[in-house]
Amino acid sequence: MSEMKITRHLAPDASGFASAGEFLRAGGLVAFPTETVYGLGADATNGLAVAGIYAAKGRPSFNPLIVHVAALEQALTLADFNADALRLAKAFWPGPLTIVVPRRADCPVSELALAGLDSIALRIPSAPEALALLKAADRPIAAPSANRSGRVSPTTPDHVLEDLDGLIDAVVMGPSAEIGVESTIVSCLVHPPVMLRPGGLAREAIEAKLGCRLADPAVSEGDHAAPLAPGMLLSHYAPRAKVRLNVHTIEEGEAALLFGSASMTGTERSVATLNLSPSGDLAEAAAALFGALRTLDASGASSIAVAPIPAYGLGEAINDRLHRAAAPRN
Ligand code: TXA
Ligand code: MG
């Protein structure tokens, strides 16, 4: 366990970003807003700083981390982009897409951040606060979600402080994450590219831009010894309460998580009830998801009963996170 620190609250302004940049260049840990979720950033080229991420998160193992950069030219100094990767980067960066590409031989990112892989997962976030922080840091920043391992990803600075106050150097006190689920991860190591993690950019948009269907990891590289997206532990997004999916009838002691206009039978006996999007808007639901799980968890309910959510568009990422939250705990 690392020693306790004073966690500074940095305003999302010029002096706050300058301090964030100083902390990061000195090997410190700074949580910051992105459009997907809050990230816990460290200098990706500094192995000791990256080790601090794992310590603060209490991660059981060293998963490769997403490396964030401010511009495509910077990404091109770290990795080799083939035609698919360039097309996706030009279409969707900055934005909620992470692209896995072969790292260059002279890539300065630490082996720990890459978990020893020959490939690197890169992303340019679109939140202006994230871009300002990356420019101030002036180097690639490794950043997983800013939560303790196994907990729900943070979408506000308060969520970050609930988990990491005293364990990290600073938090940029920005707005709520606009998208609310992590970036979509696409591997361009093979053609057609493989969707490793559904996320804030819908599969349909990526396939339209590529002009081909994305492959499924199990089918294309199923016999790899290491999982393709090793961070995808099944019980990953876990509230303390149990989570029950596709619920039509609520049971005693449960909290209800609704979507759209469909109601659940028995909501009058629910401990607490929230609707991810009364109008049935999947983007609104994604943005509300992690905060709603936290709120219903805090209601003391033994279990959270979740209504069916459509499987298309951002619904793919929402259902993925909900299945992880519902998976048996280890
Ligand atoms: O939205 C997001 O992507 C957030 C924000 C903070 O940007 N970040 C995030 O990072 O979710 P992280 O570190 O929690 O997600 C890392 C994921 C893991 O599933 C990991 O296995 C995968 O990226 N990954 C990283 N490098 C990889 C590589 N070379 N090949 C395959 N998967 C990789
Ligand atoms: Mg995470």
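Predicted model, so just to flag it, every value in this text is computed and none were measured.

Draft legend 1. Quick look at the pairing of strand E6 (residues 119–123). Summarising burial for E6: 5 of the 5 residues are buried, a large majority. Here E6 shows two buried faces, one formed by Ser119, Ala121 and Arg123 and the other by Ile120 and Leu122. Sheet analysis places strand E4 (residues 66–68) next to E6, joined by 3 bridges and oriented parallel. The partner of His68 across the bridge, within E6, is Arg123. Bridge count between strand E5 (residues 97–102) and E6: 4 bridges; the pairing is antiparallel.

Draft legend 2. Main features of helix H10 (residues 282–298). The end-to-end C-alpha distance of H10, which contains 17 residues, comes to 24 Å, matching closely the 24 Å that a straight helix rising 1.5 Å per residue would cover. Of all the bends in H10, the greatest measures close to 45° and is centred on Leu289. Looking only at H10, the buried set comprises Leu282, Ala285, Ala286, Leu289, Phe290, Gly291, Ala292, Leu293, Arg294, Leu296 and Asp297. Buried positions along H10 lie against helix H7 (157–164), strand E12 (254–258), strand E13 (273–275), strand E14 (303–306) and helix H11 (315–326).

Draft legend 3. Structural context of the nonpolar core. Formed by 51 residues in total, the largest nonpolar core has its most connected members in Phe81, Trp93, Leu122 and Ile168. In terms of residue count, the dominant contributor to this core is helix H2 (residues 47–57) (5 residues). Excluding anything up to four places from it in sequence, Leu122 contacts Val67, Val69, Ala75, Leu78, Ala79, Phe81, Trp93, Leu97, Thr98, Ile99 and Val101. With 28 residues, the next largest nonpolar core counts Val37, Val181, Val243 and Ala325 among its residues.

Draft legend 4. The arrangement of the sheet that holds E4 in detail. A sheet is described by the order of its strands in space; here 10 strands give the open sequence E1-E8-E2-E3-E7-E4-E6-E5-E9-E10, paired in mixed fashion. Each having just a single partner strand, strand E1 (8–10) and strand E10 (194–197) make up the two edges of the open sheet. Docked against the sheet, helix H4 (residues 83–92) engages E5 and strand E9 (184–187), running at close to 155° with respect to E5. Running at roughly 150° to strand E2 (residues 30–32), helix H6 (residues 128–137) makes contact with E2, E4, strand E7 (141–142) and strand E8 (170–172) of the sheet.

Draft legend 5. Geometry of H6. If you check which residues of H6 are buried, you get Glu129, Ala130, Leu131, Leu133, Leu134 and Ala137. One or two residues past the end of H6 sits Asp138, with phi positive at roughly 60°.

Draft legend 6. Region of interest: the sheet that holds strand E11 (residues 242–244). Read across the sheet, 4 strands follow the order E11-E14-E12-E13 without closing on themselves; strand pairing throughout is parallel. The sheet is open, and its two borders are formed by E11 and E13, each paired with just one other strand. Across the sheet, the mean angle separating the axes of adjacent strands is 20° when strand polarity is ignored. Relative to E13, E12 runs parallel, the two being bridged by 3 bridges.

Draft legend 7. Spotlight on the pairing of E14. Neither face of E14 is exposed, since Ser303 and Ala305 on one face and Ile304 and Val306 on the opposite face are all buried. Where E11 and E14 come together, 3 bridges link them in parallel fashion. For Arg244, the partnering residue across the bridge sits in E14 and is Ala305. Here E12 pairs with E14 via 4 bridges, running parallel. Pairing of Leu257 across the sheet is with Val306, part of E14.

Draft legend 8. Highlighting the domain arrangement of the protein. According to the domain assignment, the protein contains domain 1 (8–220) and domain 2 (242–326). Computed from C-alpha coordinates alone, the two centres of domain 1 and domain 2 are separated by 27 Å. Taken together, the 24 residues of domain 1 in the interface contact 15 residues of domain 2. In total, domain 1 and domain 2 occlude about 1,400 Å² of area from one another, counting both sides; carbon and sulfur atoms represent 55% of this. Considering only the surface of domain 1 that becomes buried against domain 2, Val152, Val181 and Pro198 emerge as the three largest contributors, covering 37% of it. Applying the counting rule to domain 1 against domain 2 returns 3 salt bridges. Arg294 serves as the salt-bridge partner of Glu162, at 2.8 Å between the closest nitrogen and oxygen. Our count for the domain 1 to domain 2 interface comes out at 7 residue pairs in polar contact (both at pLDDT 80 or more). Listing elements by their share of the side of domain 1 that touches domain 2, those giving two or more residues are H7, E10 and helix H8 (203–210). The residue makeup of the side of domain 1 that touches domain 2, split by class, is 9 nonpolar, 7 polar and 8 charged.

Quick notes on the rules
Residues numbered from 1 in each chain as written. Chains lettered and ligands numbered in written order. Predicted model: local features only at pLDDT ≥ 70, side-chain atom pairs only at ≥ 80, totals over all residues. Heavy atoms only, no water. Buried < 20%, exposed > 50% of the residue type's maximum accessible area, 1.4 Å probe, protein only. Helix = DSSP H or I, 4+ residues; strand = E, 2+ residues; numbered from the N terminus. Pairing = 2+ DSSP bridges. Expected span 1.5 Å × (residues − 1). Bend = angle between axes of the 7 residues up to and from the residue. Contact = heavy atoms within 4.5 Å. Core = buried A, V, L, I, M, F, W, Y, C linked by side-chain atoms within 4.5 Å. Axes fitted to C-alpha atoms, helices over the stretch in contact; angles between N-to-C directions. Domains from an automatic or database assignment. Buried area = accessible area lost by both parts, 1.4 Å probe. Salt bridge = Lys/Arg side-chain N within 4 Å of Asp/Glu carboxyl O. Polar contact = N/O pair within 3.5 Å; in protein donor to acceptor, adjacent residues only side chain to side chain. Nonpolar A, V, L, I, M, F, W, Y, C, P; charged D, E, K, R; others polar.

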